[in-house]
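# Coordinate analysis (summary)
Each chain is listed here by its residues.
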Amino acid sequence: MFAAERRQLILEMVRANGAVSLRELARVVQTSEVTVRRDVRALEAEGLLDRRHGGAVLPGGFTRESGFPQKSHLATEEKTAIADLAAGFVEEGEAIVVGAGTTTQELARRLARVPGLTVVTNSLLVAQALAHANRVEVVMTGGTLRGSNYALVGSGAEQSLQGLRVSRAFLSGSGLTAERGLSTSNMLSASVDRALVQAAGEVVVLADHTKLGSDTMFQTVPTDVITRLVTDEPPGHDDRAATELQALADQGVQIAVANGSGVGHGPGQPGMDGGPGDRRGPRRDVPLPGQRRSHPQGGGAGGPQLRSAPSLSEASGGRVADLAPRRR
């Protein structure tokens with residue numbers, strides 16, 4: 001395929017989906033991600049699209065938010081792996097909040113098997129995934145329906161969360177950086193997410209590698225409020241994502257990097273089984289510097305823990321950046 005043909009196809013995919021990962025673009029045009037990255041740069045120079053970390057979006061993507069149909073087709077393998085690992089942090093009989101998003105929808109499908117669980121959510125998709133779970137109670141917020149992501153937003157949603165207290169909040173977003181934390185492109189969604197965070201003892205962010213290093217308009221969760229990040233392993237050439245993960249770890253965020261089976265490991269550490277809520281197999285932990293915040297549901301006296309895991313593409317030479325804390 002000639003360069004002009006590739007770029008036309010790339011542009012058509014971005015226009016159709018709003019946002020597409022480099023990995024998906026490379027698969028469709030049947031070339032390497034390095035070549036696709038050059039094509040995306042050329043198209044950006046012409047003002048036809050905007051580059052984002054790990055992918056491309058329509059111009060104006062800083063404030064533009066893709067709808068559910070577009071998001072549901074992006075990074076599906078990564079979202080599945082992230083949901084598998086995140087579900088292992090939920091214990092029987094717990095009360096949690098789960099925000100809106102395609103990754104949290106995947107998480108909800110796995111939570112249907114956790115007995116005695118209470119899930120508070122503003123997401124119709126999360127509620128639908130749990131609708132037939134006999135031993136899971138679903139509590140929905142009030143609010144106004146936002147059709148693009150099937151979520152309830154506005155003052156009604158925020159007021160219904162006042163006085164609520166749960167153990168953990170599981171949230172997704174449009175971008176994640178060490179500098180600003182989690183962010184989203186919509187003001188109403190950001191406001192409800194902040195209310196969900198206020199109700200939780202711990203905050204767990206679910207974000208695939210394409211969101212690492214991306215920054216969008218409205219901050220939802222500052223970095224110092226994030227307890228744990230569950231993500232997938234960035235491709236070996238993606239130094240920016242690896243750098244962002246290290247920066248998040250340096251600020252005390254626990255990092256869980258998932259593969260397809262949800263198993264984790266830390267570089268050079270002896271293995272140990274997860275806690276009582278971990279049904280996803282052994283993990284290895286690497287201590288991070290100093291206790292940054294209290295962790296009522298875990299973390300121990302040794303301070304926050306860093307979790308990482310084998311690559312989604314380990315057989316093809318993928319790698320996880322060494323996320324051990326840097327000495328200052």
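Scroll up to find the structure.
Reading the values: rules and limits
- Residues numbered from 1 in each chain as written.
- Predicted model: local features only at pLDDT ≥ 70, side-chain atom pairs only at ≥ 80, totals over all residues.
- Heavy atoms only, no water.
- Pairing = 2+ DSSP bridges.
- Helix = DSSP H or I, 4+ residues; strand = E, 2+ residues; numbered from the N terminus.
- Axes fitted to C-alpha atoms, helices over the stretch in contact; angles between N-to-C directions.
- Contact = heavy atoms within 4.5 Å.
- Expected span 1.5 Å × (residues − 1).
- Buried < 20%, exposed > 50% of the residue type's maximum accessible area, 1.4 Å probe, protein only.
- Core = buried A, V, L, I, M, F, W, Y, C linked by side-chain atoms within 4.5 Å.
- Right-handed = clockwise from strand over helix to strand, strands pointing away.

### Considering the sheet that holds strand β11 (residues 181-184)
- With respect to topology, three strands assemble into an open sheet ordered β10-β11-β13, the strand pairing being antiparallel. This sheet does not close on itself; its edge strands, each paired only once, are β10 (175-177) and β13 (218-221). In this sheet, adjacent strand axes meet at a mean angle of 35° when their direction is disregarded.
- Where β10 meets β11, three bridges bridge the pair, whose relative direction is antiparallel. Residue pairing across strands places G175 opposite S183, the latter belonging to β11.
- Together, β11 and β13 form the strand contacts of helix α9 (residues 187-198), whose direction differs from that of β13 by roughly 20°.

### Brief notes about helix α10 (residues 239-250)
- The end-to-end C-alpha distance of α10, which contains 12 residues, comes to 16 Å, matching closely the 16 Å that a straight helix rising 1.5 Å per residue would cover.
- Here α10 has its buried residues at A241, A242, E244, L245, Q246, L248, A249 and D250.
- Phi turns positive, to about 95°, at G252, one or two residues after α10.

### Looking at the nonpolar core
- Core analysis: the largest hydrophobic core is formed by 30 residues, its most contacted members being L176, V205, L229, L248 and I255.
- In terms of nonpolar packing, the next biggest core, distinct from the first, is built from 26 residues, V90, V98, V204 and V230 among them.

### Let's talk about the pairing of strand β5 (residues 117-121)
- Here β5 lies mainly inside the structure; four of its five residues are buried.
- Note on the crossover from strand β4 (residues 95-98) through helix α6 (residues 102-111) to β5: the handedness is right-handed.
- As defined by bridge partners, β5 adjoins strand β6 (residues 136-140) across five bridges and the pair is classed as parallel. Paired with T118 across the strands is E137, a residue of β6.
- Handedness of the crossover joining β5 and β6 through helix α7 (residues 124-130) is recorded here as right-handed.

Keep in mind these values describe shape, not function.
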